[in-house]
Amino acid sequence: MSADERVVLTHGIIAVPFVPGIVVPADAVLGAGYVPGIARLGVPALRESDASLGVAYVMGIRKDGSTPLPSGLAQAASWNPDILFKGGAMIGSEARAKGFNVLLAGGANLTRDPRNGRTFEYLSEDPLLTGVLVGSAIRGIQSNDIISTIKHFALNGQETGRKFVNSVISESAARESDLLAFQIGIEQGQPGSVMCSYNVVNGAHGCDSDWLLNKVLKRDWRYKGFVMSDWGAVPSLDAALNGLDQQSGEQLDPKVFFAKDLQAKAASDPAYAAKLVDMNTRILSQIFKYHLDTNPAKPSGAIDFAANGAVALAAAEQGIVLLRNQNGALPLAASAKRIAVIGGFANSGVMSGAGSSQVQLPGGPAVSIPLGGDGPFAAFMQIQYHASAPLKAIKALAPEAQVIYRDGSTIADAVAQAKTSDVAIVFATKWSTEGQDSADFSLPNGQDALIAAVAEANPNTIVVLETGNPVDMPWLGKTAAVIEAWFPGGRGGEAIANVLFGKVNPSGHLPITFPASAAQLPRSVIDGYFDLEPNFAGDPPTPDTKLDANYNIEGSDVGYRWFARNLHKALFPFGFGLSYTTFASSGLKVSGMSASFTVQNTGSRQGATVGQVYLVSRAGAPKQRLAGFARVDLQPGASQTVKVTFDPRILADWKDGGWSLPAGAYTFALGDDAEHLGTPVTVRMAARSWKD
Ligand code: BGC
């Protein structure tokens, strides 16, 4: 490679003309990023699309449409690596057909704060569940001979002040939680690239952190792929020596550091010269490994939207969580004569989360509500609903019933309809977006009052939640049933109706704790939330603005682990999910690093559940960790013996630069969820320590 060729792959542009002056090269594909190729050497250009939940619509500039999967939380609620693989493979195939060969996917940040605006893009609060599922999704994407990222490395726990918030955390806590999720995800998914994060970690930016990039990722984990920056996350040229290999979306940074500046520095400084060789080696090795050169993605490929929609539908069906079902209120009886459907734009579609991950179906959104604002990122601020109307799907499954719709804007009208109906189904939505967190867990726009009034008027009230995050349910006790449908994706309306009418037996289990109140959380308010203006760009209001998020409060006890440590009772615990049948898990046996148990379907319908094995105490001290899980699908009366293998890192401490398991008694239990645990089983384990 010539000196000029060596700084071709090291930086790239935004390939969307969203501000004047951005010129998109002729061979780029409209999408988040573009890195030119090197024709003389047969190196293809990198054409990058956001793809957390589908091939992104890039502010509506692309008009071709793609298949939206349900949110990350919804997919994770399946606890089913296969469904994540299929979703990834589907997105990858659509991306290929549009000419993309690098997908900005693989969101693996732990949902450390359930009010984080990007919670819907991520998978869970647990490192094992997140790592296994994200690894599977990445394998699915890369099965198309394209590269996927895993992102945002690391500890990107909130959107408030996202480019300067400093995540403060001890090394041991980080290694046992957020970093472990990435470590498992990278091992299982082998992503070609890791996208480093906007935020600061213990004083260094994610994309400029020698500790995260050089030491943890490349040395300890022996990661051979390349690190690309998040868009506008590169503070200086020094980031190269601190482990960054590629500057992405360079127009958003203070300067294009990784072109002429890098070349000049490499000509005079041997450390930079060596680093530049390593950067190219890493990027090229992944281009070749995933055959970007020999099996190139080409625009105008065929997309089978019907088949891909079926993948989105299956993911939504497996991710819907039945939270409450009094006296078998669900599934709905075919005999209901009058059904009132209220609120949530259920006559038009299902809610979608927003930001760079936003996907649009072919034909565009069913509803789009621009929220205004100015600046280049205002285009992202739109509440959109995918055109998959629950109302239509409900009518299709209740052909004999009179199904009436009210938008819920007038409580008296909704109440009147509920009173004269056999059943009232209230759709409640809470939008969330990249760039902005939630203040609290309430439903916006008076929906809590609407639900309370409707449930008061008709005790046979079913609530369908379409939310990106956990929410409060002050009306819970008055309702007959509640389902959490999350942001259910491009076929979400049908998935919801299929669950309501029992065409599908719900099997989702919460991948995140629903707190009973914010006071139960390590931080009752997101740091900086009430002091800073929401700002998608995430820049500090003044150069010296400082903001810390102290993750040492909970350390590695994220989510249910924190709840267990503090004996908090959740509104709905991690792992919770009901079914139209019943299950019994029993016979837990632990031997070394594996466990077996039996799951039986004790009810009268086919259904799936998730066997969950928790560590509950170690060497005499309480310590809760999800140690293994398995989704099991059973006919009525059938049972299955399941074996799970423990990853010893889940049970261990990070100490003195490695993992260590203390000698002593280890107590495990099967759990219906993280709070409802079965008979404890204790085994002795010998002391052990090892390096990654
Ligand atoms: C997001 C990334 C995304 C990138 C490119 C950033 O704002 O944090 O997740 O991949 O933009 O669109």
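This text follows the structure it describes.
Attention here is on the structure that accompanies the text. (Residues numbered from 1 in each chain as written. Predicted model: local features only at pLDDT ≥ 70, side-chain atom pairs only at ≥ 80, totals over all residues. Heavy atoms only, no water.)

1. Considering the layout of surface pockets
Estimated volume of the largest pocket: approximately 790 Å³. Surrounding the largest pocket, 41 residues form its lining, Leu371, Ile383, Trp431, Pro444 and Asn445 being those nearest its centre. Counting residues per element, the ones that place at least two in the lining of the largest pocket are β15 (382–386), β17 (423–430) and α12 (447–457). Looking at which element gives the most residues to the lining of the largest pocket, the answer is β17, with three residues. In terms of residue class, the lining of the largest pocket is built from 19 nonpolar, 18 polar and four charged. (1 Å grid on protein atoms, 1.4 Å probe; cavity = no way out; pocket = protein on both sides within 12 Å on 5 of 7 lines; lining within 4 Å. Points joined across faces, edges and corners; volume = space filled by probe spheres on them. Helix = DSSP H or I, 4+ residues; strand = E, 2+ residues; numbered from the N terminus. Nonpolar A, V, L, I, M, F, W, Y, C, P; charged D, E, K, R; others polar.)

2. Details of empty space enclosed by the protein
Enumeration over the complete set of coordinates arrives at three cavities of 30 Å³ or more. Volume-wise, the largest cavity comes out at about 150 Å³. Forming the boundary of the largest cavity are 18 residues, of which Ser52, Gln75, Leu84, Gly106 and Ala137 lie nearest the centre. Looking at the lining of the largest cavity, the elements with two or more residues in it are α1 (72–76), α2 (81–97) and α3 (127–142). When residues of the lining of the largest cavity are assigned to their parent elements, the largest contribution, four residues, is made by α2. Residues that form the lining of the largest cavity fall into these classes: ten nonpolar, seven polar and one charged. Each pocket or cavity is described by its volume, and for the second largest cavity that value is around 100 Å³. Lining the second largest cavity are 13 residues, and of these Arg112, Pro114, Glu125, Leu521 and Gly559 sit closest to its centre.

3. Description of the state of the cysteines
Counting across every chain of the model gives one disulfide. For Cys196, the disulfide goes to Cys207, at an S-S distance of 2.1 Å. Between Cys196 and Cys207 the sulfur-sulfur dihedral comes to about 105 degrees; the bridge is accordingly right-handed. Taken together, the positions of Cys196 in strand β7 (residues 193–196) and Cys207 in the loop between β9 (204–205) and α6 (210–220) put the pair eleven residues apart, joining distant regions of the chain. Assigned by exposure class, Cys196 and Cys207 land together as buried. (Disulfide = S-S within 2.5 Å. Buried < 20%, exposed > 50% of the residue type's maximum accessible area, 1.4 Å probe, protein only.)

4. Digging into unusual backbone geometry
The amide bond that connects Lys151 to the next residue, His152, takes the cis arrangement and shows omega of -5 degrees. Note that His152 resides in strand β5 (residues 147–153). With an omega of 5 degrees, the peptide bond between Phe153 and Ala154 qualifies as cis. Along the chain, Ala154 turns up in the loop between β5 and β6 (166–168). For His291, which is not glycine, the phi torsion reads 55 degrees and is therefore positive. Position of His291 among the secondary structure elements: in the loop between α8 (270–289) and α9 (305–319). Overall, His291 belongs to the partly exposed group, its relative accessible area being 35%.

5. Describing the sheet that holds β15
Taken together, three strands build an open sheet; the order of strands is β13-β15-β14 and the sheet is antiparallel. Each edge of the open sheet is held by one strand with a lone partner, namely β13 (350–352) and β14 (367–370). The mean angle between the axes of side-by-side strands here comes to 25 degrees, regardless of whether they run parallel or antiparallel. Note: β13 against β15, three bridges, orientation antiparallel. Bridge pairing in β15 links Met351 to Tyr385. (Pairing = 2+ DSSP bridges. Axes fitted to C-alpha atoms, helices over the stretch in contact; angles between N-to-C directions.)

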